[in-house]
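Here's the letter readout for the chains.
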Amino acid sequence: MAAAVTDDFAKKCEVKHNKTLGRFLVAQCNIRAGETLLLEQPIVVLPHIGDRRCSKCFKLTTSFCKKCRLLALCAECADHDERDCQRLAELKLSEEQVQQLQGEDHTAVQSALKCLLLREHADTLPLYEEMSQMETHLAVRRDTDIWKNYQEQAYAPLEKSGVLKQLQTEANEDLVQGLLGILDINTFEIRAPEPGGSMRGLYRRAGLFAHSCMPNLVTAIDDERRIKVYSNRFIAAGEILYYCYTNVLLGTEERRQILKEGKCFDCNCPRCQDPTELGTHMSSFICSPCSCSGGYIVRQPKTGTWQCLLNPDHTLKPDFVSNMLERAKEEIFHAKDDIYRLELLLAKLSRLLHGNHYLMLDLKQNIASILRQILQNMAHRPNRKVYERKIRLCQEILLVLKVLTPGISRLNAIALYELANTQAELARKLYSEQEKSARDLWEELEQTEVMTRESLRMLLFEPIATPEGQLAHSMLRELKELQNDIKLLKEPNDDVVN
């Protein structure tokens, strides 16, 4: 698939290199908040290792193209890329070799083949050459578990079948491992056709942006798999351009482990170096002896020890921390969709973890999601406490997000929208039950309008062909209805509300 790059990219971004970051980008000029730096189609779209997806529609499948026999093709699709299909069909493979390459344990073969095929055509050869310049971290990955897995799952079957020799004269294990390493390190997760599913996309330029857990960029990928990169704040000329490779709502140790294992580097951003994570305490434990004084046990980045901020003699053993978190994650998993179990678990963990701990935030998000479903189904006849509980959870989540994701943030925008929407619905309910006056309702809706406008302002930077873009579209309609409600409330009650 050809990759399209906006002309603005070269004007706004300059490629630099150093030993710490490798290749990275800096702003060539001042960049406004919300300004687009890059719009780009992927070079290739691939399944996650372990999945097998149709080469045309990308749906999960177990079947293969009847002509080339090597690339997956679902029953609903008659064909896929004609040139790739023809090239693979020309290979001299026995039925036994084909079956081995199609094996359930050899899903990485698909990814390796998609990359190798780029070299087979004149118009995609430049993409292959550019992809070959991407970071592989080959030396770091050599002889690791992932290296051994790829050796068994991809290189061995491709080499034994003779596919590598027929496609590449200089084919060797480093070539295959390098290509799979490029995919592991440089791809972006993108939405798959089925709800909740995901796959990977490799982009020419997007992977050049450096990582920080405090990014100045936002990435968004639409339903056509085009990536948009835009600024979340004003960026001065000369600043390094960063986006976050991980989930910002994970704790420091979890983020750093993901980056170390998947991207082969250690993050040393200000958030990772701050034991309190910018004062959010997203990884902090409550110090039992000092709990009355607000004491929290945090991990010291330099030593790796867990010490109380008030009394360094109060510590936790790393094994205890690790085991406790694993048990908590398991309990959260088993409590999924059960609001009563989730609430009990939240109360239980509140005696051990800071209220902003990333596991506590996960629980709060799960509970808020269930409450949304309850409030949307009026057959449940939710009472005032249900509304107030969701409002309180949204407020607590927002307090953390405003620190971690300042500026333009879809996480902030969605949480703010959920808060505004719930507050408005509660105000209307109380007004209909005569517990609030017209003036009270008007004031609540005015406040709701301000929050909705702010949420919408941020979401309008998202591509329209994304869930967030669609939410922004529906919010425009809701905002208009809200403004009409405010107007109708105000006009006949001018003497009351004024």
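Starting from 1, residues in each chain are numbered consecutively following that chain's sequence as written. With pLDDT at 70 or above as the cut-off, local features in this predicted model cover only qualifying residues; side-chain atom pairs require 80 or more to be listed or tallied, and sums for whole chains, interfaces and linings still use all residues. Computation of side-chain values: all heavy atoms of the structure, hydrogens and water removed.

### Here we look at the sheet that holds strand β13 (residues 306-308)
Thinking step 1. Strand order in the open sheet formed by four strands is β11-β12-β13-β14, with antiparallel pairing between adjacent strands. Strands with a single pairing partner mark the edges of an open sheet, and in this sheet they are β11 (285-286) and β14 (315-316). Any two strands are treated as partners once DSSP identifies two or more bridges connecting them. Under the scheme used here, helices are H or I runs from DSSP no shorter than 4 residues and strands are E runs no shorter than 2 residues, and both carry numbers assigned from the N terminus.

### Comments concerning the packing of aromatic side chains
Thinking step 1. Any two rings among Phe, Tyr and Trp, with Trp reduced to its six-membered ring, count as a pair given centres within 6.5 Å; such a pair is stacked if its planes are under 30 degrees apart, edge-to-face if over 60, and tilted if neither. Here the structure, examined in full by the defined rule, presents seven aromatic pairs.
Thinking step 2. Arranged with centres 5.7 Å apart and planes meeting at 90°, the rings of Phe 188 and Tyr 203 form a pair that is edge-to-face. Placement of the pair is Phe 188 in strand β5 (residues 188-191) and Tyr 203 in the loop between β6 (198-202) and β7 (210-211), with a sequence separation of 15 residues. Each member of the pair Phe 188 and Tyr 203 is classed as buried.
Thinking step 3. Between Tyr 245 and Phe 265, the aromatic rings sit 6.0 Å apart at their centres with planes inclined by 85°, giving edge-to-face as the arrangement. Of this pair, Tyr 245 sits in the loop between β10 (242-243) and α10 (252-263) while Phe 265 sits in the loop between α10 and α11 (270-273), placing them 20 residues apart in sequence.
Thinking step 4. Put simply, the rings of Phe 188, Tyr 203, Tyr 243, Tyr 245 and Phe 265 pair up and form one aromatic cluster.
Thinking step 5. In this scheme, the term charge over a ring applies when either NZ of a lysine or CZ of an arginine sits within 6 Å of the ring centre and within 35 degrees of the ring normal. Here Lys 228 stacks its cationic end above the ring of Tyr 230, 5.1 Å away from the centre of that ring. Per-residue accessibility, obtained with a 1.4 Å probe over protein chains only, is compared with the maximum for each type, and a residue is labelled buried under 20%, exposed over 50%, and partly exposed between these values.

### Comments concerning the state of the cysteines
Thinking step 1. Pairs of cysteine sulfur atoms within 2.5 Å are what we label disulfides. In the structure shown here, the tally under the stated rule is zero disulfides.
Thinking step 2. Between Cys 85, a cysteine without a disulfide, and Cys 65, which holds the nearest cysteine sulfur, the sulfur-to-sulfur distance is 3.6 Å.
Thinking step 3. Among the cysteines around Cys 244, which has no disulfide bond, Cys 213 carries the closest sulfur, lying 4.9 Å off.

### Some remarks on the packing of helix α17 (residues 438-459) against helix α18 (residues 467-490)
Thinking step 1. To get an axis, a line is fitted to the C-alpha atoms, and for a helix only the part in contact is used. The angle between two axes follows their N-to-C directions and goes from 0 to 180 degrees. Close contact between α17 and α18 brings their axes to 9 Å; oriented N to C, the two are set at 155°. Viewed along their axes, α17 and α18 adopt a mutual orientation that is roughly antiparallel. Helix-helix and strand crossings are classified by hand; for α17 and α18 the assignment is left-handed. Taking contact as the criterion, the partners of Ala 438, Leu 441, Trp 442, Leu 445, Glu 446, Thr 448, Glu 449, Thr 452, Arg 453, Ser 455, Leu 456 and Leu 459 in α17 are, on α18, Glu 468, Leu 471, Ala 472, Met 475, Leu 476, Leu 479, Leu 482, Gln 483, Asp 485, Ile 486, Leu 489 and Lys 490.
Thinking step 2. Partitioning the contact of α17 with α18 into residue classes produces 14 nonpolar, four polar and six charged. Angles below 35 degrees are treated as roughly parallel, those above 145 as roughly antiparallel, those between 65 and 115 as roughly perpendicular, and all remaining angles as oblique. Crossing chirality is assigned from the near helix's rotation relative to the far helix, an anticlockwise turn below a right angle marking it left-handed and a clockwise turn marking it right-handed. Contact between two residues is taken to exist if any of their heavy atoms lie within 4.5 Å; hydrogens are not considered. Classes in brief: Ala, Val, Leu, Ile, Met, Phe, Trp, Tyr, Cys and Pro nonpolar; Asp, Glu, Lys and Arg charged; the others, Gly included, polar.

### Structural notes on the pattern of salt bridges
Thinking step 1. Any Lys or Arg side-chain nitrogen located within 4 Å of an Asp or Glu carboxyl oxygen qualifies as a salt bridge. Using the criterion set out here, one finds 38 salt bridges in the structure.
Thinking step 2. In this structure, Asp 485 engages Arg 428 in a salt bridge whose closest nitrogen and oxygen atoms are separated by 2.8 Å. With Asp 485 in helix α18 and Arg 428 in helix α16 (residues 410-432), this pair connects stretches of sequence that are 57 residues apart.
Thinking step 3. Take Asp 485: its relative accessible area is 29%, and that puts it in the partly exposed class.

### Some details on helix α7 (residues 145-160)
Thinking step 1. Between its first and last C-alpha atoms α7 spans 21 Å; for 16 residues at 1.5 Å apiece the expected length is 22 Å, and the two agree.
Thinking step 2. We define the bend at any residue as the angle between the axes fitted to the seven residues before and including it, ending there, and the seven starting there. When the local axis directions of α7 are compared, the greatest deviation, roughly 45°, occurs at Gln 151.
Thinking step 3. Looking at α7, one finds that the buried residues are Trp 147, Tyr 150, Ala 154, Tyr 155, Pro 157 and Leu 158.
Thinking step 4. Where the residues of α7 are buried, they touch α3 (95-101), α4 (108-117), α6 (138-141), α8 (163-167) and α9 (173-186).
Thinking step 5. Two residues or fewer after α7 comes Gly 162, characterised by a positive phi angle close to 90°. The length a helix should cover is 1.5 Å for every residue beyond the first.

### So, the nonpolar core
Thinking step 1. Counting 50 residues, the largest nonpolar core has Phe 285 and Leu 349 as its most contacted members.
Thinking step 2. Mapped by element, the contributors of at least two residues to this core are β13, α12 (318-334), α13 (339-349), α14 (358-376), α15 (384-404) and α16.
Thinking step 3. Sequence-distant contacts of Leu 349, defined by excluding residues within four places in its chain, comprise Met 324, Ala 328, Met 360 and Leu 363. Think of a nonpolar core as a cluster: buried Ala, Val, Leu, Ile, Met, Phe, Trp, Tyr and Cys residues, connected wherever their side-chain atoms sit within 4.5 Å.

### Topic: the pairing of strand β8 (residues 217-221)
Thinking step 1. Judged by how many residues are buried, β8 sits mostly within the fold: five of five residues are covered.
Thinking step 2. Burial along β8 is two-sided: Leu 217, Thr 219 and Ile 221 and Val 218 and Ala 220, pointing in opposite directions, are all buried.
Thinking step 3. With five bridges joining them, β8 and strand β9 (residues 227-231) adopt antiparallel strand pairing. Looking at β9, one finds that Ala 220 is bridged to Lys 228.
Thinking step 4. The turn linking β8 back onto β9 is made up of five residues, and Arg 225 within it adopts a positive phi angle of 70°.

### Quick notes on the domain arrangement of the protein chain
Reports often express the size of an interface as the amount of accessible area lost when the parts come together.
Thinking step 1. In this entry, domain limits derive from an automatic or database-based domain assignment. Examined at the domain level, the protein chain breaks down into domain 1 (9-41 + 203-245), domain 2 (49-191) and domain 3 (319-490).
Thinking step 2. One C-alpha centre belongs to domain 1, the other to domain 2; they are set 29 Å apart.
Thinking step 3. Counting residues at the interface gives 13 residues for domain 1, matched by nine residues for domain 2.
Thinking step 4. Summed over both partners, the accessible surface that disappears when two parts come together, traced with a 1.4 Å probe, is what is meant by buried area. Around 1000 Å² of area is buried between domain 1 and domain 2 when both sides are counted, 57% of it from carbon and sulfur atoms.
Thinking step 5. The three residues of domain 1 that bury the most area against domain 2 are Arg 204, Ile 221 and Arg 225, which together make up 46% of that side's buried surface.
Thinking step 6. With a closest N to O distance of 2.9 Å, Arg 204 and Glu 130 form a salt bridge.

### Regarding the packing of α4 against α9
The geometry of a pair of packed helices is captured by two quantities: the angle between their axes and the separation between those axes.
Thinking step 1. Taken N-terminus to C-terminus, the directions of α4 and α9 make an angle of 95°; their axes are 10 Å apart at the nearest point. One way to sum up the angle between α4 and α9 is to call them roughly perpendicular. Contact residues: α4 offers Ala 108, Ser 111, Ala 112, Cys 115 and Leu 116, while α9 offers Leu 175, Val 176, Leu 179, Leu 180 and Leu 183.

### Notes on the sheet that holds β5
Hydrogen bonds between backbone atoms are what pair the strands of a sheet, whose relative direction is either parallel or antiparallel.
Thinking step 1. With antiparallel pairing, three strands are arranged side by side in an open sheet as β4-β6-β5. Of all the strands in the sheet, just β4 (44-46) and β5 have a single pairing partner and so form its edges. The mean inter-strand angle of the sheet, taken between neighbouring strand axes irrespective of direction, is 40°.
Thinking step 2. Across four bridges, β5 lies against β6 in antiparallel orientation. Along β6, the bridge assignment pairs Ile 190 with Met 199.

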